[in-house]
Amino acid sequence: MPVSMTVPDVPDDVAAELATRAARAGQPLQESLRGQLVALARRPSPDSLWDRVQHRVLITGSRLSGEAILEVRDADRR
């Protein structure tokens with residue numbers, strides 16, 4: 001069942017910016033915020049993401065250094 005939420009004390013400039021972004025997207029403010037909240041909730045939390053990374057490293061045994069990763073990434077951009 002959907003739940004209504006109220007967010008108190010939103011600064012005026014923040015509310016105005018969010019309303020402007022919603023209008024530019026052709027959406028009512030509430031619809032825009034609902035979509036952003038749904039997208040936020042679907043993304044893994046930082047802790048959950050870190051747990052997944054650690055699990056993958058344990059399973060695959062991958063031990064690439066940050067330098068090696070950046071080297072491969074940059075080679076693809078040349």
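Residues numbered from 1 in each chain as written. Predicted model: local features only at pLDDT ≥ 70, side-chain atom pairs only at ≥ 80, totals over all residues. Heavy atoms only, no water.

The subject of this paragraph is the overall build of the protein chain. Looking only at helices and strands, the protein chain has four helices and zero strands in total. On C-alpha atoms alone, the protein chain measures out to a radius of gyration of 20 Å, which is more than a quarter above the 12 Å that the 2.2 N^0.38 rule sets for 78 residues. Overall, the protein chain is about 45 × 35 × 20 Å in size when its C-alpha atoms are taken along their principal axes. Per-residue burial over the protein chain gives 3% buried out of 78 residues. As displayed, the protein chain has an accessible area near 7,500 Å², and 57% of this comes from carbon and sulfur atoms. Distance from the positive charge centre (11 side chains) to the negative charge centre (11 side chains) of the protein chain: 7 Å. (Helix = DSSP H or I, 4+ residues; strand = E, 2+ residues; numbered from the N terminus. Rg over C-alpha atoms; globule rule 2.2 N^0.38 Å. Buried < 20%, exposed > 50% of the residue type's maximum accessible area, 1.4 Å probe, protein only. Areas by Shrake-Rupley, 256 points an atom, 1.4 Å probe, with all protein chains shown as cover. Lys, Arg positive; Asp, Glu negative; His and termini not counted. Charge placed at Lys NZ, Arg CZ, Asp CG, Glu CD.)

Right, let's get into the pattern of salt bridges. Note on pairing: side chains with opposite charge can pair once their charged atoms come close. Counted by the stated rule, this structure contains two salt bridges. For Glu17, the salt bridge goes to Arg21, with nearest N and O atoms at 2.9 Å. Of this pair, Glu17 and Arg21 both sit in helix H1 (residues 12-24), four residues apart, which is roughly one turn of the helix. Residue class for Glu17 comes out partly exposed when judged on its relative accessible area of 36%. (Salt bridge = Lys/Arg side-chain N within 4 Å of Asp/Glu carboxyl O.)

Each α-helix winds once per 3.6 residues, and so residues spaced three or four apart point in a common direction. An ideal rise of 1.5 Å per residue puts 18 Å on 13 residues; H1 measures up with 18 Å between its terminal C-alpha atoms. Residue Gly26 follows H1 closely and has a positive phi angle near 70°. (Expected span 1.5 Å × (residues − 1).)

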